[in-house]
Amino acid sequence: QVQLVESGGGLVQAGGSLRLSCAASGRIFSINAMGWYRQAPGKQRQLVATITRGGITNYADSVKGRFTISRDNAKNTMYLQMNSLKPEDTAVYYCNADVMYYSGSRDNYWGQGTQVTVSS
């Protein structure tokens, strides 16, 4: 079994910064793509940013230039540096990982989510 644990959420004023972390644990051979998603109240979950094992990144237009996704493959950990935060960034942030086991099979996992609240 694999677990993804997010941390780093909280309350911040508009214009402030937060850094989210997502640590994967379990019998993992490797992790392919990883990503951050968010869900605001009453809205669907949406993509924030993704990163491949090789470091290729993709961002939602709404966060380009403000958020930076990164990962440490040796630690099976992913990060999201969020700068210039806006009230509309308020949401529960979830991490997602495409995990490969030693058997060669793969599975996709979600973290439990971490709340980010940006006050105006």
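Now for a description of the structure that goes with this document.

Conventions and cut-offs
Residues numbered from 1 in each chain as written. Predicted model: local features only at pLDDT ≥ 70, side-chain atom pairs only at ≥ 80, totals over all residues. Heavy atoms only, no water. Phe/Tyr/Trp six-rings, centres within 6.5 Å; stacked < 30°, edge-to-face > 60°. Helix = DSSP H or I, 4+ residues; strand = E, 2+ residues; numbered from the N terminus. Buried < 20%, exposed > 50% of the residue type's maximum accessible area, 1.4 Å probe, protein only. Lys NZ or Arg CZ within 6 Å of the ring centre and 35° of its normal. Disulfide = S-S within 2.5 Å.

**As for the packing of aromatic side chains**
In step 1: One pass over the structure, following the stated rule, counts two aromatic pairs.
In step 2: Their ring planes at 70 degrees and their centres at 5.5 Å tell us that Phe29 and Tyr102 sit as a pair that is edge-to-face. Placement of the pair is Phe29 in the loop between strand S3 (18-25) and strand S4 (30-39) and Tyr102 in the loop between strand S9 (91-100) and strand S10 (106-110), with a sequence separation of 73 residues. For the residue pair Phe29 and Tyr102, the accessibility class agrees, reading exposed in each case.
In step 3: When the centroid spacing of 5.0 Å and the interplanar angle of 65 degrees are considered together, the rings of Tyr37 and Trp110 count as edge-to-face. In this pair, Tyr37 sits in strand S4 while Trp110 sits in strand S10, placing the two residues 73 residues apart along the sequence.
In step 4: Judged by relative accessible area, which is 40%, Trp110 ranks as partly exposed.
In step 5: Just above the ring of Tyr79 sits the side chain of Arg19; from NZ or CZ to the centre is 4.1 Å.
In step 6: Note that Arg45 overlies the ring of Trp110, its terminal NZ or CZ placed 4.6 Å from the centroid.

**Here we look at the state of the cysteines**
In step 1: Going through the model one piece at a time under the given rule, you end up with one disulfide.
In step 2: The disulfide that involves Cys22 links it to Cys95, with 2.2 Å between the sulfurs. The S-S bond linking Cys22 to Cys95 shows a torsion near 55 degrees; that makes this disulfide right-handed. In this pair, Cys22 is assigned in strand S3 and Cys95 in strand S9, connecting sequence segments 73 residues apart. Both residues of the pair, Cys22 and Cys95, count as buried.

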